[in-house]
Amino acid sequence: MSFLSNLINGISLGSVYAIIALGYTMVYGIAKMLNFAHGDVIMIGAYISFCVTQYMGLPAWVSVLAAMLVCTLLGITIESLAYKPLRNAPSLAVLITAIGMSYFLQNVALLIWGSNPKSFTSVIDADPIRLFDGQLIISDVALVTVAACILIMIGLTWFTGKTKMGRAMRAVSEDKGAAQLMGVNVNLTISVTFAIGSALAAIAGVLLCSAYPTLMPTTGSMPGIKAFTAAVFGGIGSIPGALLGGILLGIIEIFGKTYISTELGDAIVFAILILLLLVKPTGLLGKKVREKV
Amino acid sequence: MKKMKVLVSFVLVIAMALTMVSAAVAEGALKIGFIGPLTGAAAVYGISAKQGSEIAVEEINALGGMQIEFNAQDDEHDAEKSVNAYNNLMDWGVQLIDGCVTTTPCVAVSAEAFNDRVFMLTPSASSTAVIADKDNVYQVCFTDPAQGAASAQYIGEHALATKVGVIYNNADAYSTGIYQTFMTEAANQPFEVVIETTFTDDTTDFSVQVSAAKDAGAELIFLPIYYTPASMILKQAESMEYNCTFFGVDGMDGILTMEGFDPALAEGVMLLTPFSADATDDKTVSFVTKYQEKYGEVPTQFAADSYDAVYALYQAMQTSGMTEANTTEEICEAMVATFPTMTYEGITGTMQWAADGTVSKTPKAVKIVDGVYVGQ
């Protein structure tokens, strides 16, 4: 029984990583850049949701929509101000800019909301599922997070596979120059990618803080790093890979903490990542791309 | 360019004049410096403590007689910034220090204060490292060992549980310090510690720790930790439908003031604290009323400890016959001689000090009922 409940804890933790990893992997897959500010967009989304419910007294679903709207605008703004001018710069410059943006967002949040931790009220208010006479409890937040992950994964796969914008995204991801020659508006495509990625970040932020209710300006950084690990684990750029990587990472972390040592939990996670990358450098579901010389 | 120079010199002249004015005001007042986190993650503690001290300063100044000038510096709960804050106070000519509020910065500052011979009375830095080998550093709060042992005794004496779990932060000196003495004392008590689990500073997922305690059948969980992780543990226990008693120490104080926190989660949480705001003695009632009028909230234990710190310093100044005209070093030596011999009756209990700087007073247990502390 305790094995099952640990498994469920692992899946709930993993689903939070997965939902963040989906945004990471989508932006990487298309814009070919690691957006390290993603974790901080999540934090902003959670703060927006907190403010809307606490200070304006509006219902939870309004707060989620507001968070998505603000984060989408924020994502587009960040992209056009910080990343667009660097479109042809070496990838290292873009990476450093993203790290700078991450610190910038954290400090802005520190200025606006202060450093006192705030307690986030869960946006989901349903009864948990009780199995085996209440010995096994699956929380409502975990159920919603897993469901949201699967829906988003299906939605993204459909969007990139079937729609015109999705095809443009894949074209841009394959070869920016060629896509431009074929009449694809590269700047618009990348902006849309950031908009979608940031809207997903808002959902992730709300679900992250519903599961783990403390909200601080640094709330997004550790989950952001873990989710990045999850995305690499599943094969960065692969949408189903992000889901698989996130869930596996959550399960490994919980099992490592339970059966080996609570202090070594994170160390075990990263050790397994290194082992996996040694054996399969592209991650679990990553595609092998041959570099042509 | 010439205009610029004129402007700069003009500004400098004004600045100089202002400094002279403020120096003139300070004449004839005892300079008490305060160091604590007024911003940052531990700001709740620092702000409470500062507000508590300010009320004491106002009351003393209203009495006439010796006047106090109070200067509060922010250390953001950071050792390095705390030493900077201390240096600012030294430049200002501080005579007595009420601080630091949190342990890690206090260890750094107390070493400096020991070298410079400035007397320090910390309201709430509870580690023994703060006072160790320093004759001029005293505490108003219990030391961490005292908190751990007192908690174990309280749980045993009141038969709160037979199976006890402990969750502590092993990346934090405060938490591990209390944990160790709790475990030592628990061996003599009629309960069994069935599970001990740990976490580190950036842990947000407590499902492993809470489900381990649940599986071990713990009826009470002892939480020698700060309130931020505690709030997440309470939430986790609720979502696992695990009903046990939670027992905290002074770091738990402040959980009810956390913005957005649902007080229903903390229903039934017990904590050991020397101060309960609903006590009916005159001193406490007067302090709580003034505090509420001024700051619009119920004072926490940190506010009360810090209020007592200022009064204890004031009483020791009176007893030893020191005045604001004495030098910082003279005051320091007089305090070192006076503190171990005096008895001070404050709102956090009747206190006596040992020469090593530790205080003895009786802790009270409070329970959170309907979102307020109720004395037990």
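Caption draft 1: Layout of the overall build of chain A. Helices and strands together make up the secondary structure of chain A, namely 11 helices and four strands. Its C-alpha atoms put chain A at 65 × 50 × 35 Å along the principal axes. Among the 293 residues that make up chain A, the fraction classed as buried is 54%. Expressed as a percentage of contacts within chain A between residues at least 6 apart in sequence, the contacts between residues at least 24 apart total 74%. Taken as a whole, chain A presents about 13,400 Å² of accessible surface, with 69% of it coming from carbon and sulfur. The averaged location of the 12 negative side-chain charges in chain A is 14 Å from the averaged location of its 17 positive side-chain charges.

Caption draft 2: Layout of the confidence of the model for chain B. Residues and elements named next belong to chain B. Averaged over all residues, the pLDDT of chain B equals 85, while 93% of them reach at least 70. Here helix α1 (residues 2-26) stands out as the least confident element of chain B, with mean pLDDT 56; strand β4 (residues 119-122) is the most confident, with 93. Between residues 20-26, whose pLDDT stays under 50, and residues either more than four places distant or in other chains, the model counts two contacts. Scored by ipTM, the complex comes to 0.78, with pTM at 0.74.

Caption draft 3: Just the pairing of strand β7 (residues 192-199) of chain B, in detail. Residue and element names in this part refer to chain B. Direction of pairing for strand β6 (residues 163-169) relative to β7: parallel, over a ladder of seven bridges. Residue pairing for β7: Val166 is matched across the bridge by Glu196. One crossover worth recording links β6 to the parallel β7 by way of helix α7 (residues 173-186), and it is right-handed.

Caption draft 4: Quick peek at the domain arrangement of chain B. Residues and elements named next belong to chain B. Domains assigned within chain B are domain 1 (11-142 + 283-362) and domain 2 (145-273). Put simply, the middle of domain 1 and the middle of domain 2, counted by C-alpha atoms, are 30 Å apart. Contacts between domain 1 and domain 2 engage eight residues on the former and 12 residues on the latter. Summing both partners gives a buried area of about 1,100 Å² for domain 1 against domain 2, and 58% of it is carried by carbon and sulfur. When contributions to the side of domain 1 that touches domain 2 are tallied by element, the ones reaching two or more residues are α2 (43-62) and α11 (301-320). Of the residues that constitute the side of domain 1 that touches domain 2, the class distribution is four nonpolar, four polar and no charged.

Caption draft 5: Fine view of the pattern of salt bridges. Scanning all chains against the criterion turns up 11 salt bridges over all chains. Across the salt bridge formed by Lys257(A) and Glu253(A), the nearest N and O atoms sit 3.3 Å from each other. In this pair, Lys257(A) and Glu253(A) both sit in helix α10 (residues 239-260), four residues apart, roughly one turn of the helix. Comparing Lys257(A) with Glu253(A), the two get one shared label, buried. Taking the shortest distance from any N to any O, the salt bridge between Glu54(B) and Lys50(B) comes out at 3.3 Å. Placement of both Glu54(B) and Lys50(B) in helix α2 is noted, with a separation of four residues, approximately one turn of the helix. A residue is classified by how much of its surface remains accessible, and Lys50(B), at 24% relative accessible area, is partly exposed.

Caption draft 6: Representation of the packing of aromatic side chains in the model. Residue and element names in this part refer to chain B. This structure, assessed with the given rule, holds 27 aromatic pairs over all chains. Ring plane angle 15° and centroid distance 4.0 Å describe the contact between Phe182 and Phe222, whose orientation is recorded as stacked. Of this pair, Phe182 sits in helix α7 while Phe222 is found in strand β8 (residues 220-223), placing the two residues 40 residues apart along the sequence. Plain terms: the ring middles of Phe222 and Phe247 are 6.2 Å apart, the flat faces sit at 40° to each other, and that makes the pair tilted. On the criterion of sequence distance, the pair formed by Phe222 in strand β8 and Phe247 in strand β9 (residues 245-248) is long-range, its members being 25 residues apart. The exposure class assigned to Phe247 is buried, which follows from its relative accessible area of 0%. Note that Lys31 overlies the ring of Trp92, its terminal NZ or CZ placed 5.3 Å from the centroid.

Caption draft 7: Representation of the side chain of Thr122(B) within the structure. Residues and elements named next belong to chain B. Mapped onto the secondary structure, Thr122 falls in strand β4. According to the relative accessible area criterion, Thr122 is buried, its value standing at 0%. Beyond its immediate chain neighbours, meaning those up to four positions away, Thr122 contacts Gly99, Cys100, Cys106, Val130, Tyr138, Gln139, Val140 and Cys141.

Caption draft 8: Focus on the nonpolar core. Grouped together as the largest cluster of nonpolar side chains are 84 residues, with contacts concentrated most on Ile19(A), Ile20(A), Met33(A), Tyr83(A) and Phe120(A). It is helix α1 (residues 2-31) of chain A that contributes the most residues to this core, 13 residues altogether. Residues in contact with Tyr83(A), not counting those within four places in the same chain, are Met33(A), Asn35(A), Ala37(A), Ile78(A), Val94(A), Thr97(A), Ala98(A), Met101(A) and Phe194(A). Core analysis: the second largest hydrophobic core is formed by 81 residues, Ala56(B), Val57(B), Tyr291(B) and Tyr344(B) among them.

Rules used throughout
Within each chain, residues carry numbers counting from 1 in the order of the written sequence. In the order they appear in the text, chains get letters beginning with A and ligands get numbers beginning with 1. Only residues with pLDDT of at least 70 are given local features in this predicted model, and only at 80 or more are side-chain atom pairs given and counted; all residues enter the totals for whole chains, interfaces and linings. Based on all heavy atoms of the structure, the side-chain values leave hydrogens and waters out of the count. In this text, helices come from DSSP runs of H or I with a minimum length of four residues, and strands from runs of E with a minimum of two, each type numbered from the N-terminal end. Partly exposed describes any residue whose relative accessible area lies between the buried limit of under 20% and the exposed limit of over 50%, with all areas from a 1.4 Å probe on protein chains only and scaled to the type maximum. We call two residues in contact whenever any of their non-hydrogen atoms come within 4.5 Å of each other. Methods summary: accessible areas were calculated by the Shrake-Rupley approach with a probe of 1.4 Å, and residue burial reflects only the protein chains presented. For the purpose of counting charges, residues Lys and Arg are taken to be positive, whereas Asp and Glu are taken to be negative. His and the chain ends are not included. Taken as the charge centre is NZ of Lys, CZ of Arg, CG of Asp or CD of Glu, depending on the residue. Within a predicted model, pLDDT stands for the predictor's per-residue confidence, ranging from 0 to 100. Two strands form a pair only when DSSP identifies at least two bridges running between them. Whether a crossover is right-handed depends on one test, that the path from the first strand over the helix to the second runs clockwise when the strands point away from the viewer. For the domains described, the bounds stem from an automatic or database domain assignment. Once two parts are joined, some of their accessible surface, as seen by a 1.4 Å probe, is lost; buried area is that loss totalled over both. Note on residue categories: nonpolar means Ala, Val, Leu, Ile, Met, Phe, Trp, Tyr, Cys or Pro, charged means Asp, Glu, Lys or Arg, and polar means any other residue, Gly included. We define a salt bridge as a side-chain nitrogen of Lys or Arg found within 4 Å of a carboxyl oxygen belonging to Asp or Glu. Only the six-membered ring of Trp is used, alongside the rings of Phe and Tyr, when aromatic pairs are assigned; centres must lie within 6.5 Å, and planes under 30 degrees apart are stacked while those over 60 apart are edge-to-face, with the rest tilted. Only when the NZ of Lys or the CZ of Arg is both within 6 Å of the ring centre and within 35 degrees of the ring normal is a charge said to sit over the ring. Each nonpolar core is a collection of buried residues, namely Ala, Val, Leu, Ile, Met, Phe, Trp, Tyr and Cys, held together in the definition by side-chain atoms within 4.5 Å.

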